[in-house]
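Here's the letter readout for the chains.
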Amino acid sequence: YQLLLEKTGLVNDPAFEAQRDKAAWASLSEKLTRVFILKTRDEWCDIMEMTDVCFAPVLSLAEAPHHPHNVARETFVNVDGVVQPAPSPRFLGTPSVKPQIAPQSGADTDNVLTALGHDAASIAALRSSGTIG
């Protein structure tokens, strides 16, 4: 908390001595908001990353897989050219199965309908009527 105040320039603001006073949190939050809007996200990253401040940038879905923390933790995997979250949780003794690309919509329709008791003629009739694609 002290380091956060130093990095934001609020170390000499007496209002922040009320850290544990829930009644003060709304006003402290407003003050922090006014401070944070003065710099870009990247400027705050330059100030706070690699310190002990509890801080992390809000990243876009395009940025997240390339952030050094996510790269080091192998948070994302590439499956057939599609970047997606890695399985979680991960255990040393039980490796997770790598995600697979989802089948195209309708790829399993015939198998599902067959498993539900429909025969080929019934499935053909559903398809010709437009009920299924």
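Summarised in this report is the structure supplied together with it.

Cut-off values and rules
Residues numbered from 1 in each chain as written. Predicted model: local features only at pLDDT ≥ 70, side-chain atom pairs only at ≥ 80, totals over all residues. Heavy atoms only, no water. Helix = DSSP H or I, 4+ residues; strand = E, 2+ residues; numbered from the N terminus. Rg over C-alpha atoms; globule rule 2.2 N^0.38 Å. Contact = heavy atoms within 4.5 Å. Areas by Shrake-Rupley, 256 points an atom, 1.4 Å probe, with all protein chains shown as cover. Salt bridge = Lys/Arg side-chain N within 4 Å of Asp/Glu carboxyl O. Buried < 20%, exposed > 50% of the residue type's maximum accessible area, 1.4 Å probe, protein only. 1 Å grid on protein atoms, 1.4 Å probe; cavity = no way out; pocket = protein on both sides within 12 Å on 5 of 7 lines; lining within 4 Å. Points joined across faces, edges and corners; volume = space filled by probe spheres on them. Core = buried A, V, L, I, M, F, W, Y, C linked by side-chain atoms within 4.5 Å. Arc of directions from axis to C-beta. Phe/Tyr/Trp six-rings, centres within 6.5 Å; stacked < 30°, edge-to-face > 60°.

### Quick look at the overall build of the protein
Counting its secondary structure elements, the protein contains six helices and two strands. Going residue by residue from the N terminus, the α and β elements of the protein occur as α-α-α-α-β-β-α-α. Relative to the globule expectation of 14 Å for 133 residues, the C-alpha radius of gyration of the protein, 26 Å, shows a markedly less compact shape. Principal-axis analysis of the C-alpha atoms gives the protein an extent of 80 × 35 × 30 Å. Contacts spanning at least 24 positions in sequence make up 17% of the contacts within the protein whose residues lie at least 6 apart. When the accessible surface of the protein is summed, it comes to about 10,200 Å², and 58% of that surface belongs to carbon and sulfur atoms.

### Side note on the pattern of salt bridges
The tally for this structure, following the rule as stated, stands at four salt bridges. The closest approach of N and O atoms between Lys31 and Asp13, which form a salt bridge, is 3.0 Å. Remark: Asp13 occurs in the loop between α1 (2–8) and α2 (25–36) and Lys31 occurs in helix α2; sequence separation between them is 18 residues. Since its relative accessible area comes to 27%, Lys31 is described here as partly exposed. Asp110 is the partner of Arg127 in a salt bridge, and the nearest nitrogen-oxygen pair spans 2.8 Å.

### Some thoughts on the layout of surface pockets
With a probe scaled to a water molecule rolled over the atoms, the places where space remains empty come into view. Its volume calculated, the largest pocket comes out at about 220 Å³. In terms of lining residues, the largest pocket is bounded by 13 residues, among which Glu49, Phe55, Pro57, His67 and His69 are the most central. The dominant element in the lining of the largest pocket, judged by the number of residues it contributes, is helix α4 (residues 68–72), at three residues.

### Observations regarding the nonpolar core
Counting ten residues, the largest nonpolar core consists of Leu5, Leu10, Phe16, Ala24, Leu28, Leu32, Val35, Trp44, Met48 and Val53. The set of elements that each furnish at least two residues to this core consists of α2 and α3 (41–48).

### Things to note about α3
The complete set of buried residues in α3 reads Trp44, Cys45 and Met48. Here the buried residues of α3 occupy an arc of 105° about the axis, which is enough to place them on one side. For α3, the elements touching its buried residues are α1 and α2.

### With respect to the packing of aromatic side chains
A full pass over the atoms with the stated rule returns one aromatic pair. Arranged with centres 4.8 Å apart and planes meeting at 65°, the rings of Phe36 and Trp44 form a pair that is edge-to-face.

### A few points about unusual backbone geometry
Residue Pro89 is reached from Ser88 by a cis peptide bond, and omega for that bond is -5°. Residue placement: Pro89 occurs in the loop between β2 (82–85) and α5 (109–115). For Glu74, which is not glycine, the phi torsion reads 50° and is therefore positive. By the element assignment, Glu74 lies in the loop between α4 and β1 (76–79).

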